[in-house]
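Structural features, examined
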Amino acid sequence: QQQVKQSPQSLIVQKGGISIINCAYENTAFDYFPWYQQFPGKGPALLIAIRPDVSEKKEGRFTISFNKSAKQFSLHIMDSQPGDSATYFCAASLRSGGYQKVTFGTGTKLQVIP
Amino acid sequence: DVKVTQSSRYLVKRTGEKVFLECVQDMDHENMFWYRQDPGLGLRLIYFSYDVKMKEKGDIPEGYSVSREKKERFSLILESASTNQTSMYLCASTDRGTDTQYFGPGTRLTVL
């Protein structure tokens, strides 16, 4: 079974600190690695994504680091803010015909304290 | 803005009842998905559909069925609800050839 392992399960960070969430995958056929952010009472929404031909992608305070040889990728949130408090899901997907079949990690609940 | 709506935010049903969860998207997306979300397990794919009247099993289809009679609407059916189907159910859609999944707000189903 295709798996994506995510850690930690929960994370508490002080305002202004760096939040780091790690994921590992097994299937080298995965070709797209998104991160989704979910606030309480809402569905997940795409935050940032990377393809395996790139080692890093940065969008504002959010950065994905990707290590193809180790089959690992991570999300870094710089200058973490209380508004970043949410659950974060990493995912890995592969294309089959006209759709992407996505496998999600188990989620990390981030709390940023003032 | 893509909008995915789900018919109910909260639902309480009794064991053995037939349950319908409805999802509608307004962006003419070909692909639609049903997931369930449980603490510590993340999102797990139940069923998906890549075209009207087409459906494919996901990772945990047992106890569920789906229906897609119109492109914008994808229904999840619990033929005989059981307590282990108490969960948050999320619907998502994507356009053909694109990768971003757009999620609805979820339906929290409790089976007593």
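Relevant structure appears above.
These remarks concern the structure in this document. These numbers come from a predicted model, not from an experiment. (Residues numbered from 1 in each chain as written. Chains lettered and ligands numbered in written order. Predicted model: local features only at pLDDT ≥ 70, side-chain atom pairs only at ≥ 80, totals over all residues. Heavy atoms only, no water.)

So, the overall build of chain A
Regarding its fold elements, chain A presents zero helices and 11 strands. Counting from the amino terminus, helix and strand elements in chain A follow one another as β-β-β-β-β-β-β-β-β-β-β. For 114 residues, the compact-globule estimate of 2.2 N^0.38 gives 13 Å, and the C-alpha radius of gyration of chain A, at 14 Å, lies within 12% of that figure. By its C-alpha atoms, chain A is 45 × 30 × 20 Å across when sized along the principal axes. Split into buried and exposed, the 114 residues of chain A put 46% on the buried side. Once local pairs closer than 6 in sequence are excluded, the contacts in chain A between residues at least 24 apart make up 53%. Carbon together with sulfur atoms contributes 50% to the accessible area of chain A, which is approximately 5500 Å² in total. In chain A, the 12 positive side-chain charges and the 7 negative ones have mean positions that sit 5 Å from each other. (Helix = DSSP H or I, 4+ residues; strand = E, 2+ residues; numbered from the N terminus. Rg over C-alpha atoms; globule rule 2.2 N^0.38 Å. Buried < 20%, exposed > 50% of the residue type's maximum accessible area, 1.4 Å probe, protein only. Contact = heavy atoms within 4.5 Å. Areas by Shrake-Rupley, 256 points an atom, 1.4 Å probe, with all protein chains shown as cover. Lys, Arg positive; Asp, Glu negative; His and termini not counted. Charge placed at Lys NZ, Arg CZ, Asp CG, Glu CD.)

Brief notes about the interface of chain B and chain A
Listed per partner, the contact involves 23 residues of chain B and 20 residues of chain A. Carbon and sulfur atoms supply 54% of the area that chain B and chain A bury against each other, a total of about 1800 Å² over both sides. When the area that chain B buries against chain A is broken down by residue, the three leading residues are B:L43, B:D99 and B:F103, summing to 29%. The tally of links between chain B and chain A comes to three salt bridges. Looking at the side of chain B that touches chain A, the elements that each hand over two or more residues are β4 (31-38) and β5 (42-49) of chain B. When the residues that make up the side of chain B that touches chain A are grouped by side-chain class, the tally is 10 nonpolar, nine polar and four charged. (Buried area = accessible area lost by both parts, 1.4 Å probe. Salt bridge = Lys/Arg side-chain N within 4 Å of Asp/Glu carboxyl O. Nonpolar A, V, L, I, M, F, W, Y, C, P; charged D, E, K, R; others polar.)

Side note on the nonpolar core
A:F33, A:W35, A:F73, A:L75 and A:Y88 are the most contacted members of the largest nonpolar core, which has 25 residues in total. By residue number, the principal contributor to this core is strand β9 (residues 86-96) of chain A, which donates five residues. Excluding its chain neighbours within four sequence positions, the residues that come into contact with A:F33 are A:Y25, A:I48, A:A49, A:I50, A:P52, A:I64, A:F66, A:F73, A:A91 and A:A92. B:L11, B:I60, B:A81 and B:C91 belong to the second-largest nonpolar core, a separate cluster that totals 20 residues. (Core = buried A, V, L, I, M, F, W, Y, C linked by side-chain atoms within 4.5 Å.)

Things to note about the pairing of strand β3 (residues 19-25) of chain B
Residues and elements named next belong to chain B. Burial along β3 is one-sided: V19, L21, C23 and Q25 are buried, while F20, E22 and V24, pointing the other way, are not. Summarising the sheet, strand β1 (residues 4-6) and β3 pair through three bridges and their orientation is antiparallel. Looking across to β3, one finds that T5 is bridged to V24. (Pairing = 2+ DSSP bridges.)

No statement about biological role is implied by the geometric values presented.
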